[in-house]
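Commentary on secondary and tertiary structure
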Amino acid sequence: MTKPDDSVFLKLSPKVQDMYKKLSDFVDFECIPAEHLYHQQLAPMGHPDRWNIVPPVIEQLKTRAKEIGVWNCFLPATYGKYSPGLTNLEYAVLCELMGRSHLAPEATNCGAPDTGNMEVFAKYGNQAQKDKWLVPLMNGSIRSAFAMTEPAVASSDATNIETSIVRDEKNKQYVINGRKWWISGAGDPRCKVYLVMGKTDFGAKKHLQQSVVIVPAGTPGVTIVRPMMVFGYDDAAHGHMEMLFKDCRVPFENMVLGEGRGFEIVQGRLGPGRIHHCMRAIGLAERALELHILRITDPSRKPFGKMIAQHNPVPIVNSRLELDQARLLVLMAADKIDAAGPKAALKEIGMAKIVVPRMALAVFDRAIQAYGAAGVSQDTPLAYMYAMMRTLRIADGPDEVHERQVAMYELKKSAELRSRFEKQKDIEASLLAKL
């Protein structure tokens, strides 16, 4: 595991160094050892209580995280009283540690989708909305979900969303109708609020049609249809659910920011969230590389008379190269968010979102190969790591959307590059003319 003091250019404050040490020990010696117990405490897949039981160990870990001061680390300093005062760059270093265990983000109240939803409430919510939803979310007493993706349209383009949010002036309510799927966190029995994206004006300009409205869990007209499976994993107790909103009614005051501001909210929510996903992915890839190294240096395993590492150590070299390259890219993106804001860092965020999941999948695949049949079984965490990471090439924008975005930024350089090239050719011609 790369430590912050290994770097000559990333100097962390004493406060962050202390948090790093506490969090590192918490993840490695409390969260990772508790993973097996967590899954044992869940009801078996297919059991009626599968989605009704939250493993008690996660609440114990949350209490411990609060005690040692690694709770709610994520909101940057610009959020004032809601923030621990960290920059995005500082949080990125801590977020990598959290990624090493799938329990750590929730245990520290820094897990998706709650972090993004808390940021929506903190950045765009009014005071009443903050009091009702942000405060309990930051206390870790409830969880939340963001309902955007739909099965009937190409949801990678958020302007395609078809869920309708219609004003009922007589009753001062919005009426919501639509079907959503892959709504992460909606399966958790502690999920008490959904942020639902839909259209309030189908005739407005393309990016002003969408709005985000607050729907409390249990509102009449909301149905959890089914859990979606990821390569056979249901990811309980969190879950990724298909949901139906049928004549669901909420009061006008549940609108976030204002009608037609949904696209703005989503863009503000996704930028930092993508960096969080990337740093957690790097942490998980580091853990997979550690497992890889342990396997190939195991003296009890000597195919053809030698340890695997003595046959071919190159795969771990490739993993180390790719991991460190990806980390630098993400840190650069986080630093640019701090310096100029998420909008100015869109290219760097997009690049990281493309590179990191691909890197992590390659690292997992090499580790799996070293473990042989055990690598694809339930006896190591590698298969689950791979399954969950594969979704990240789709979630929060598929690779192709980010590739298109990065290409647009690069192509914008063409006029300047052509002018510079022509100037070079003119200078070259003048030099040749003097011969």
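A brief structural summary. (Residues numbered from 1 in each chain as written. Predicted model: local features only at pLDDT ≥ 70, side-chain atom pairs only at ≥ 80, totals over all residues. Heavy atoms only, no water.)

Right, let's talk about the overall build of the chain for a bit. Of the regular secondary structure elements, the chain holds 13 helices and seven strands. Over its C-alpha atoms the chain spans a radius of gyration of 24 Å, differing by no more than 12% from the 22 Å that the globule rule assigns to 435 residues. Based on the C-alpha atoms only, the size of the chain along its principal axes is roughly 80 × 75 × 45 Å. Burial analysis of the chain (435 residues in total) assigns 52% to the buried set. Taking all contacts inside the chain whose residues are at least 6 apart in sequence as the whole, residues at least 24 apart take part in 73%. A total accessible area of about 20400 Å² is found for the chain, and carbon and sulfur atoms account for 57% of it. Mean positive and mean negative side-chain charge positions of the chain (55 and 49 charges, respectively) differ by 2 Å. (Helix = DSSP H or I, 4+ residues; strand = E, 2+ residues; numbered from the N terminus. Rg over C-alpha atoms; globule rule 2.2 N^0.38 Å. Buried < 20%, exposed > 50% of the residue type's maximum accessible area, 1.4 Å probe, protein only. Contact = heavy atoms within 4.5 Å. Areas by Shrake-Rupley, 256 points an atom, 1.4 Å probe, with all protein chains shown as cover. Lys, Arg positive; Asp, Glu negative; His and termini not counted. Charge placed at Lys NZ, Arg CZ, Asp CG, Glu CD.)

Below, the discussion takes up the packing of helix 10 (residues 346-371) against helix 11 (residues 382-391). Two elements in contact, helix 10 and helix 11, have axes separated by 10 Å at closest approach and are oriented at 160°. With respect to helix 11, the axis of helix 10 lies roughly antiparallel. The handedness of the crossing between helix 10 and helix 11 is left-handed. Of the residues in helix 11, those in contact with Pro 357, Ala 360, Leu 361, Phe 364, Asp 365, Ala 367, Ile 368 and Tyr 371 of helix 10 are Leu 382, Met 385, Tyr 386, Met 389 and Arg 390. Considering only residue class, the contact of helix 10 with helix 11 consists of 11 nonpolar, no polar and two charged. (Axes fitted to C-alpha atoms, helices over the stretch in contact; angles between N-to-C directions. Parallel < 35°, antiparallel > 145°, perpendicular 65-115°, else oblique. Left-handed = near helix turned anticlockwise from the far one by under 90°. Nonpolar A, V, L, I, M, F, W, Y, C, P; charged D, E, K, R; others polar.)

When the terminal C-alpha atoms of helix 10 are compared, their 38 Å separation across 26 residues agrees well with the 38 Å that a helix rising 1.5 Å per residue should span. Two residues or fewer past helix 10, Gly 372 is found with a positive phi of approximately 65°. (Expected span 1.5 Å × (residues − 1).)

Both strand 2 (residues 164-168) and strand 3 (residues 173-184) contribute to a ladder of five bridges, which runs antiparallel. Within strand 3, the residue paired with Asp 168 across the bridge is Gln 173. Count of turn residues in the strand 2/strand 3 antiparallel hairpin: four residues, of which Lys 172 carries a positive phi of about 55°. Bridging between strand 3 and strand 7 (residues 240-251) involves nine bridges; their strand directions are antiparallel. Paired with Gln 173 across the bridge in strand 7 is Pro 251. (Pairing = 2+ DSSP bridges.)

With respect to the helices and strands, the residue Arg 287 is situated in helix 7 (residues 262-296). If we ignore the near neighbours within four places in the chain, the residues touching Arg 287 are Ile 32, Glu 35, Arg 100, Ser 101, Pro 381 and Met 385.

Another aspect to go through is the packing of aromatic side chains. The tally for this structure, following the rule as stated, stands at four aromatic pairs. Measuring from centroid to centroid gives 5.1 Å for Tyr 233 and Tyr 384, while their planes differ by 75°, and the two rings are edge-to-face. One end of the pair, Tyr 233, is in the loop between strand 6 (222-227) and strand 7; the other, Tyr 384, is in helix 11, and 151 residues separate them in sequence. Here Tyr 233 falls in the partly exposed class, since its relative accessible area comes to 28%. Sitting over the ring of Trp 71, Lys 66 keeps its end group 4.6 Å from the ring centre. A cation over an aromatic ring shows up here: Arg 269 above the ring of Phe 146, its NZ or CZ 4.4 Å from the ring centre. (Phe/Tyr/Trp six-rings, centres within 6.5 Å; stacked < 30°, edge-to-face > 60°. Lys NZ or Arg CZ within 6 Å of the ring centre and 35° of its normal.)

This next bit is on the pattern of salt bridges. On inspection of all chains with the given rule, the structure shows 37 salt bridges. One salt bridge in this structure joins Asp 324 and Arg 327, with 2.8 Å as the shortest N-O distance. Of this pair, Asp 324 and Arg 327 both sit in helix 9 (residues 314-340), three residues apart, which is roughly one turn of that helix. On the basis of relative accessibility, which here comes to 8%, the residue Arg 327 falls in the buried class. Residue Arg 420 pairs with Glu 416 through a salt bridge whose shortest N-O separation is 3.2 Å. Taken as a pair, Arg 420 and Glu 416 lie in helix 13 (residues 414-433) at a separation of four residues, close to a single helical turn. Owing to a relative accessible area of 51%, Glu 416 belongs among the exposed residues under this scheme. One salt-bridge network, in which partners are shared between bridges, spans Glu 59, Lys 62, Glu 106, Asp 114, Arg 143, Asp 188 and Arg 190. (Salt bridge = Lys/Arg side-chain N within 4 Å of Asp/Glu carboxyl O.)

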